[in-house]
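What the coordinates show
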There are 2 protein chains.
Amino acid sequence: MVLARIILGLLAIAPMTGYDLKRHFDSTAGHFWTADKAQIYRTLAKLVADGHAEVETVAGSGAPDRQEHRITAAGEAALAEWLASEPERQTERDPFLARVFFGAGLDEDGLRSLFAGRREAVHERLARYEQLRAENSATDRGARLRLVTLDNGIAHLRTELAWLDAAEEELT
Amino acid sequence: MVLARIILGLLAIAPMTGYDLKRHFDSTAGHFWTADKAQIYRTLAKLVADGHAEVETVAGSGAPDRQEHRITAAGEAALAEWLASEPERQTERDPFLARVFFGAGLDEDGLRSLFAGRREAVHERLARYEQLRAENSATDRGARLRLVTLDNGIAHLRTELAWLDAAEEELT
DNA sequence: ATCGCCTAGTCGACTTGTCAACTACTGTAC
DNA sequence: GTACAGTAGTTGACAAGTCGACTAGGCGAT
């Protein structure tokens, strides 16, 4: 459900193919949602079946044909309805924290490498987000809202780094 | 897979019933994982089938019988193996941020109530975590590790509140 | 020329997670 | 005296997400 709405939201910004959507989930939308491409294509098919989107096959110039998906009026209504509805409650799920939680079953070295791996992953993500942040500017309200969610990701990654410092300090 | 390991980890701390596990996911483990009770009972059955846990029926005094699950040696080995294995990569999924991302489709009031709802939910969670934090002390390495993950949750919730302030400020 | 990568999309099998209903007993509040 | 909340567990139907393999053409490098 959420994925269908997010795709609808992306289609509302611009018509896209499943491939384009996948790239968005791997970059601009990656800080709040991810999706497998199989799932993306299936969801697109469902959106079309529900009349929330339309397909137009665009002949690819030197590339495969593109199935451009465009949001319909019904789709826009469904999106607006979702936005105004009660937010779904968040389910926290962090396998890294789970490992730390049970870290007693790990020796000092194992724990250290667990933290080191996390640190690296967070740094990588942070670099990507900051790059993205620098590439975009808040031209209108929509862009400003999108940037603000990116700032959320950046803030949390910085918090994670600070926590890593404190945690490693405390567990010495 | 992760849920099975987390349950194994909890059983390694103390033998438990599915009901006990559910309460843990709703409290002490809730900051890094949640689980539906149907899923918990099914996973427990799988752990028993795999020889990672054993069941013992304890007659309930005035209450229903309890199916106490105890980790086996094989289960402990599986848990240790998981802890030492490559961490699964994190999939960020936040429906609230998704809503903000597409917030252009919402009027000022809708956006305000979206933020207000989040703020309230975060406050509530933070209060729960801080309560938990105050109730527990770091007696040994295991307890220290568990508390440190709780601190992670607290740090992120505080960051979220700060971000909410900044975001609302910026979007005025 | 052949290998790997990018674009673009499809399919089947599978795992994981969610929802709602249902059984069954106890203790407490109204 | 009965309605509700808590303990304890089960089941079926679904929805959501993951993985790997497959087709198919184009482009650049070796």
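Residues numbered from 1 in each chain as written. Chains lettered and ligands numbered in written order. Predicted model: local features only at pLDDT ≥ 70, side-chain atom pairs only at ≥ 80, totals over all residues. Heavy atoms only, no water.

A rise of 1.5 Å per residue sets the reference length of helix α1 (residues 2–13) of chain B, with its 12 residues, at 16 Å; its end C-alpha atoms lie 17 Å apart and thus fit the reference within 8%. Residues of α1 of chain B that are buried include every one of Val2, Leu3, Ala4, Arg5, Ile6, Ile7, Leu8, Gly9, Leu10 and Leu11 of chain B, and no others. Buried residues along α1 of chain B sit against α5 (95–101) of chain A together with α2 (18–26), α3 (37–49), β1 (53–58), β2 (66–71) and α4 (73–84) of chain B. (Helix = DSSP H or I, 4+ residues; strand = E, 2+ residues; numbered from the N terminus. Expected span 1.5 Å × (residues − 1). Buried < 20%, exposed > 50% of the residue type's maximum accessible area, 1.4 Å probe, protein only. Contact = heavy atoms within 4.5 Å.)

Both copies of the chain are related through a single rotation about an axis accompanied by a shift along the same axis. Its rotation angle being 180°, the transformation that places chain B on chain A also includes 0.0 Å of axial translation and leaves an RMSD of 0.0 Å. Such values leave the two copies arranged in the relation of a two-fold axis. If distances are taken from each C-alpha of chain B to the rotation axis, the shortest is found for His156 of chain B, at 3.1 Å. (Least-squares fit on C-alpha atoms with pLDDT ≥ 70 in both.)

This paragraph deals with the side chain of Thr72 of chain B. Relative to the elements of secondary structure, Thr72 of chain B occurs in the loop between β2 and α4. Residues within four places of Thr72 of chain B in sequence aside, it is in contact with Gly51, His52, Ala53 and Glu54 of chain B.

Another point: the pattern of salt bridges. One pass over the full model with this rule turns up 32 salt bridges over all chains. Put simply, Arg125 of chain A and Glu92 of chain B hold a salt bridge, and the shortest N to O gap is 3.6 Å. A residue pair is termed interchain when its members come from two chains, as with Arg125 of chain A in helix α6 (residues 108–135) and Glu92 of chain B in the loop between α4 and α5 (95–101). The exposure class assigned to Glu92 of chain B is partly exposed, which follows from its relative accessible area of 27%. Salt bridges linked by common partners bring Asp20, Arg23, Arg66 and Glu68 of chain A together as one network. (Salt bridge = Lys/Arg side-chain N within 4 Å of Asp/Glu carboxyl O.)

Our next topic: the interface of chain B and chain A. Residue-level contacts link 58 residues of chain B with 58 residues of chain A. Surface buried jointly by chain B and chain A totals about 5900 Å² across both partners, of which 62% is contributed by carbon and sulfur atoms. Area buried by chain B at its contact with chain A is led by Arg99, Phe101 and Phe102 of chain B, which between them contribute 15% of it. At the junction of chain B with chain A, the criterion picks out 28 residue pairs in polar contact (both at pLDDT 80 or more). Going through the elements one at a time, α1, α4, α5, α6 (108–135) and α7 (141–170) of chain B are the ones with two or more residues in the side of chain B that touches chain A. Sort the elements by how many residues they give to the side of chain B that touches chain A and α7 of chain B lands first, with 16 residues. (Buried area = accessible area lost by both parts, 1.4 Å probe. Polar contact = N/O pair within 3.5 Å; in protein donor to acceptor, adjacent residues only side chain to side chain.)

Our focus in this paragraph is the domain arrangement of chain A. All names here are of chain A. Domain parsing of chain A yields domain 1 (2–84) and domain 2 (95–170). The centre of domain 1, based on its C-alpha atoms, is set 28 Å off from the matching centre of domain 2. Taken together, the contact between domain 1 and domain 2 spans 6 residues of the former and 7 residues of the latter. Where domain 1 touches domain 2, the interface holds 0 salt bridges. (Domains from an automatic or database assignment.)

Now for the packing of aromatic side chains. If you walk through the whole model with that rule in mind, you get 12 aromatic pairs over all chains. On the numbers, 4.7 Å between centres and 45° between planes, the contact of Phe32 of chain A with Phe101 of chain B is tilted. With Phe32 of chain A in the loop between α2 (18–26) and α3 (37–49) and Phe101 of chain B in helix α5, this pair bridges two chains. Across this residue pair, the class does not change: Phe32 of chain A and Phe101 of chain B are buried. Between Phe101 of chain B and Phe102 of chain B, the ring centres sit 5.0 Å apart and the planes meet at 85°, which makes this aromatic pair edge-to-face. In this pair, the class of Phe101 of chain B matches that of Phe102 of chain B, namely buried. Of the aromatic side chains, those joined through ring pairs into one cluster are Phe32 of chain A together with Phe101 and Phe102 of chain B. (Phe/Tyr/Trp six-rings, centres within 6.5 Å; stacked < 30°, edge-to-face > 60°.)

Each packed pair of helices is defined by two parameters, the angle between the axes and the distance between the axes. Residue and element names in this part refer to chain B. Contact geometry for α1 and α2: axes closest at 11 Å, N-to-C directions at 105°. Put simply, α1 runs roughly perpendicular to α2. Of the residues in α2, those in contact with Leu3, Ile6, Ile7 and Leu10 of α1 are Leu21, His24 and Phe25. Its residues assigned to classes, the contact of α1 with α2 shows 6 nonpolar, 1 polar and no charged. (Axes fitted to C-alpha atoms, helices over the stretch in contact; angles between N-to-C directions. Parallel < 35°, antiparallel > 145°, perpendicular 65-115°, else oblique. Nonpolar A, V, L, I, M, F, W, Y, C, P; charged D, E, K, R; others polar.)

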